[in-house]
Amino acid sequence: MAELIIKCIFFLSVVPFLTTNAISVAASVVPFEDCGSIYYLESIEVSDCSSYPCRIVIGSTVNVTTNFLVQGTAYDSEQLVQNVYFVVSSIQLQAQVSPDPCTAVQGSNACRLENGRRVKYQAAVRVDNVPPLRGTLWWTMTNSAHELLVCYKLTVIFTLA
Ligand SMILES: *[C@@H]1O[C@H](CO)[C@@H](O)[C@H](O)[C@H]1NC(C)=O
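Bear in mind the structure is a predicted one, so any value in this text is a computation, not a measurement. (Residues numbered from 1 in each chain as written. Predicted model: local features only at pLDDT ≥ 70, side-chain atom pairs only at ≥ 80, totals over all residues.)

**Side note on the overall build of the chain**
Looking only at helices and strands, the chain has two helices and eleven strands in total. Listed by position from the N terminus, the elements making up the chain come as α-β-β-β-β-β-β-β-β-α-β-β-β. In the chain, which comprises 161 residues, the share counted as buried stands at 19%. Residue pairs in contact within the chain that sit at least 24 positions apart in sequence constitute 68% of those at least 6 positions apart. (Helix = DSSP H or I, 4+ residues; strand = E, 2+ residues; numbered from the N terminus. Buried ≥ 20, exposed ≤ 12 C-beta atoms within 10 Å, placed from the backbone. Contact = placed C-beta atoms within 7 Å.)

Next comes the structure, spelled out in structure tokens:
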């Protein structure tokens, strides 16, 4: 509880400072909810998000950076299946994301990440075909054995330009 309060105070005090001083392409660290990740999620950053929930303009592309720590070599995989979607009014809408996490993470066998490796994965999310309402962004990465390596969700508010 104390940690949560500190995080909230940190968030409230730092974000307005950053947004008034940084150029508009700056990304903000946002609160997120972990939905059962095997890997340790360190932080999530979203571009052009000056307050939480992030307001996302329909028709725009937002950059989402997932900072995580690989835990456990038992989860090595040749394949990493990424599924990113929005949920608005209980309806699931697929999001288009690039690049693929396997090609974005440097190394010859990019999905085979060694234990303890710290990864910064930046991806662009195209936001189209969503209604101007509050919703949730879900981000999941699963290996070929269907183990959930990364799972988190963020509250967002879709807005018209
Ligand atoms: C997203 O990242 C790309 C590449 O780093 C950058 O060119 C672009 O300006 C970023 N977009 C936003 C909205 O920050």
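Following the structure, the description resumes.
**A closer look at the sheet that holds strand S3 (residues 40-47)**
Two modes of strand pairing occur in sheets, parallel and antiparallel, and in both the strands are linked by backbone hydrogen bonds. Reading across the sheet, the five strands line up as S1-S3-S5-S9-S8 and stay open at both edges, with antiparallel pairing between neighbours. Where the open sheet ends on each side, the last strands, each with one partner, are strand S1 (27-30) and strand S8 (96-98). Adjacent strand axes in the sheet meet at a mean angle of 30°, parallel and antiparallel pairs treated alike. Sheet analysis places S3 next to strand S5 (residues 61-69), joined by six bridges and oriented antiparallel. Note on S5: the bridge partner recorded for Ser-43 is Asn-67. (Pairing = 2+ DSSP bridges. Axes fitted to C-alpha atoms, helices over the stretch in contact; angles between N-to-C directions.)

**Topic: the pairing of strand S9 (residues 118-126)**
With nine bridges joining them, S5 and S9 adopt antiparallel strand pairing. Residue pairing for S9: Asn-67 is matched across the bridge by Lys-120. Sheet topology note: the S8/S9 ladder contains three bridges and is antiparallel. Counted as the bridge partner of Gln-96 is Arg-126 from S9.

**Brief notes about the environment of Ala-95**
Looking at the secondary structure, you find Ala-95 in the loop between strand S7 (91-94) and S8. In the structure, Ala-95 is positioned 34 residues away from Asn-129 in sequence and 9.4 Å away in space, judged by C-alpha atoms. Ignoring anything within four residues of it in the chain, the contact list for Ala-95 reads Val-84, Tyr-85, Phe-86, Val-125 and Arg-126.

**Focus on the environment of Gln-92**
Structurally, the position occupied by Gln-92 is in strand S7. Between the C-alpha atom of Gln-92 and that of Val-130, which follows or precedes it by 38 residues, the distance is 9.9 Å. Ignoring sequence-local partners within four residues, the contact set of Gln-92 consists of Tyr-85 and Val-87.

**Remarks on the nonpolar core**
Val-30, Val-46, Cys-54, Val-150 and Val-156 are the most contacted members of the largest nonpolar core, which has 25 residues in total. For this core, the secondary-structure elements that each account for two or more residues are S1, S3, strand S4 (54-57), S5, strand S10 (134-143) and strand S11 (148-159). At five residues, the largest contribution of residues to this core is made by S11. Discounting residues that sit within four places of it in the chain, Cys-54 has contacts with Val-30, Val-46, Cys-49 and Val-156. (Core = buried A, V, L, I, M, F, W, Y, C linked by C-beta atoms within 7 Å.)

**A short note on the confidence of the model for the chain**
With 79% of its residues at a pLDDT of 70 or more, the chain has an overall mean of 82. In the model of the chain, helix H1 (residues 2-21) stands out as the element of lowest mean pLDDT, 40, in contrast to strand S2 (residues 33-34), which has the highest, 98. When the criterion is pLDDT under 50, residues 1-24 qualifies, and its contacts beyond four places in sequence or with other chains add up to nine contacts. (pLDDT = per-residue confidence, 0-100.)

**Considerations on unusual backbone geometry**
Cis geometry marks the peptide bond from Tyr-52 to Pro-53, where omega comes out at 0°. Position of Pro-53 relative to the elements: it lies in the loop between S3 and S4. Ser-98 connects to Pro-99 through a cis peptide bond whose omega is -5°. Following the sequence through the fold, Pro-99 ends up in the loop between S8 and helix H2 (101-104). Despite not being glycine, Ser-89 has its phi angle at roughly 50°, a positive value. Structurally, Ser-89 can be placed in the loop between strand S6 (80-88) and S7. The class for Ser-89 is exposed, based on 8 C-beta atoms found within 10 Å. With phi around 65°, Ser-90 is a residue other than glycine that occupies positive phi space. Structurally, Ser-90 can be placed in the loop between S6 and S7.

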